[in-house]
Amino acid sequence: MNQLDLYELASDDAIYKAIGSRLRYYRSLRGMKQDELAKASGVSRSTISKIESGYKKPYSTAIFIALARTLHVPLENLLTDKLLA
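Values in this document were obtained by computation on a predicted structure and should not be read as measured data.

Cut-off values and rules
- Residue numbers run consecutively from 1 along every chain, following the written order of its sequence.
- Where local features are concerned, this predicted model is filtered to residues with pLDDT of at least 70; where side-chain atom pairs are given and counted, the filter is 80 or more; whole-chain, interface and lining totals use all residues.
- Only hydrogens and water are set aside when side-chain values are computed; all heavy atoms of the structure are taken into account.
- Definition used in this section: a nonpolar core is a set of buried Ala, Val, Leu, Ile, Met, Phe, Trp, Tyr and Cys residues joined via side-chain atoms within 4.5 Å.
- Burial classes follow relative accessibility: with a 1.4 Å probe on protein chains only, a residue under 20% of its type's maximum area counts as buried, one over 50% as exposed, and anything between as partly exposed.
- Here a helix means four or more residues in a row that DSSP labels H or I, a strand means two or more in a row labelled E, and each is numbered from the N terminus.
- Contact between two residues is taken to exist if any of their heavy atoms lie within 4.5 Å; hydrogens are not considered.
- The score called pLDDT rates the predictor's confidence residue by residue, from a low of 0 to a high of 100.
- The angle between two axes is taken between their N-to-C directions and runs from 0 to 180 degrees, where each axis is a line fitted to C-alpha atoms and a helix contributes only its stretch in contact.
- By definition in this entry, angles of less than 35 degrees are roughly parallel, angles greater than 145 are roughly antiparallel, angles of 65 to 115 are roughly perpendicular, and the rest are oblique.
- If you view the pair so one helix is near and one far, a crossing is left-handed when the near helix is turned anticlockwise from the far one by less than a right angle, and right-handed when it is turned clockwise.
- All residues other than Ala, Val, Leu, Ile, Met, Phe, Trp, Tyr, Cys, Pro, Asp, Glu, Lys and Arg, Gly among them, are scored as polar; the first ten of these are nonpolar and the last four charged.

Structural notes on the nonpolar core
Step number 1: Judged by nonpolar contacts, the single largest core of 18 residues is most densely connected at Leu23, Leu37, Ile48, Ile51, Leu67, Leu71 and Leu78.
Step number 2: When residues of this core are traced back to their parent elements, those giving at least two are α2 (12–29), α3 (34–41), α4 (45–52) and α5 (61–71).
Step number 3: When residues no more than four places from it in sequence are discounted, the contact partners of Leu37 are Leu23, Arg27, Met32, Gly42, Ile48, Leu67, Thr70 and Leu71.

In structure tokens, the structure reads:
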């Protein structure tokens, strides 16, 4: 079963929660608070908090690109099950 098949089986809620967990993981790994990540990435702390809580909203790709760049991780690591430091 490939990555797309797994996402088709998962509920939207589970996908948003998983993305939020990965964002929190990488932010913590870098020793950053939400406010610090917000300032460095240009993404509001409120948006970061909502993503980390699994809040269901269609976030723009630009938000995830900014977060990934700031955390120095490939974008796919935030959006898929790869957890690489």
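Now, onward.
Concerning the side chain of Thr47
Step number 1: The topology assignment puts Thr47 in helix α4.
Step number 2: With near-sequence residues (within four places) excluded, Thr47 lies in contact with Tyr59 and Ile63.

Some remarks on the confidence of the model for the chain
Any residue range with low pLDDT should be treated as having predicted coordinates unsuitable for detailed reading.
Step number 1: Averaged over all residues, the pLDDT of the chain is 87; the fraction at 70 or higher stands at 84%.
Step number 2: The spread of mean pLDDT over the elements of the chain runs between helix α1 (residues 3–9), the lowest at 51, and α3, the highest at 98.

Observations concerning the packing of α3 against α4
Step number 1: The interhelical angle for the contact between α3 and α4, taken along N-to-C directions, is 120°, at an axis separation of 8 Å. Taken together, the axes of α3 and α4 are oblique relative to one another. Relative to α4, the crossing made by α3 is right-handed. Side by side, α3 and α4 meet where Gln34, Asp35, Leu37, Ala38 and Ser41 of the first sit next to Arg45, Ile48, Ser49 and Glu52 of the second.
Step number 2: Partitioning the contact of α3 with α4 into residue classes produces three nonpolar, three polar and three charged.

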